[in-house]
Amino acid sequence: MFKKQKHVPNDRIDSLIGQASSVTGDLRFSGGLRIDGTVVGNVLAQDEKSGMLVVSENARIEGKVSCTHLILNGEIVGPIEVSQYVELQPKARVSGDLHYKTLEMHPGARVDGRLVYVGERVAVENAPIAD
């Protein structure tokens, strides 16, 4: 009757930043992006419909992250906005606020910041104002 829903939008990786690579500056992507190295700058999906980001165990991002799906097992220092699904794996480290719609957090993952559910944002904005 109850089935666990898997949130795997697309397992295809279109771009890769290797473990020995370092990028300085903003990075815009579409489709799937896997980061194994270091990015100092914002990592932003091109559109709201596709943009899966995988951050591996040894990877680090210093900057804002915005995507539709995030699988994190590395470190992000900065605000994160995910419109659909976030998976924080056991070695995930977040220093900043995390805005999400669906969150899966494994034991060992750390968040130093606020967890903000974006699904309620619409309900609050459309709520009638009390007199």
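Everything below is about the structure shown above.
Our subject in this report is the structure included herewith. Computed from a predicted model, the values in this text were never measured in an experiment.

Reading the values: the criteria
Residues numbered from 1 in each chain as written. Predicted model: local features only at pLDDT ≥ 70, side-chain atom pairs only at ≥ 80, totals over all residues. Heavy atoms only, no water. Salt bridge = Lys/Arg side-chain N within 4 Å of Asp/Glu carboxyl O. Buried < 20%, exposed > 50% of the residue type's maximum accessible area, 1.4 Å probe, protein only. Helix = DSSP H or I, 4+ residues; strand = E, 2+ residues; numbered from the N terminus. 1 Å grid on protein atoms, 1.4 Å probe; cavity = no way out; pocket = protein on both sides within 12 Å on 5 of 7 lines; lining within 4 Å. Points joined across faces, edges and corners; volume = space filled by probe spheres on them. Nonpolar A, V, L, I, M, F, W, Y, C, P; charged D, E, K, R; others polar.

### Side note on the pattern of salt bridges
Right, on to step 1. Taken as a whole, this structure holds 7 salt bridges when the rule is applied.
Right, on to step 2. With a closest N to O distance of 2.6 Å, Asp14 and Arg12 form a salt bridge.
Right, on to step 3. The partly exposed category is assigned to Asp14, whose relative accessible area is 36%.
Right, on to step 4. Lys64 is the partner of Glu81 in a salt bridge, and the nearest nitrogen-oxygen pair spans 3.8 Å. Here the residue Glu81 occupies a position in strand β11 (residues 80-88), and Lys64 occupies one in the loop between β8 (60-62) and β9 (65-72), the gap between them amounting to 17 residues.
Right, on to step 5. Linked through salt bridges whose partners overlap, the residues forming this network are Arg60, Glu62 and Glu75.

### Re the layout of surface pockets
Right, on to step 1. If you add up the space inside the largest pocket, you get close to 290 Å³.
Right, on to step 2. Every residue lining the largest pocket is counted, 13 residues in all, and those nearest its centre are Glu48, Ser66, Cys67, Glu81 and Ser83.
Right, on to step 3. Broken down by secondary-structure element, the contributors of at least two residues to the lining of the largest pocket are β9 and β11.
Right, on to step 4. At 4 residues, the largest contribution of residues to the lining of the largest pocket is made by β11.
Right, on to step 5. Its residues assigned to classes, the lining of the largest pocket comprises 4 nonpolar, 5 polar and 4 charged.

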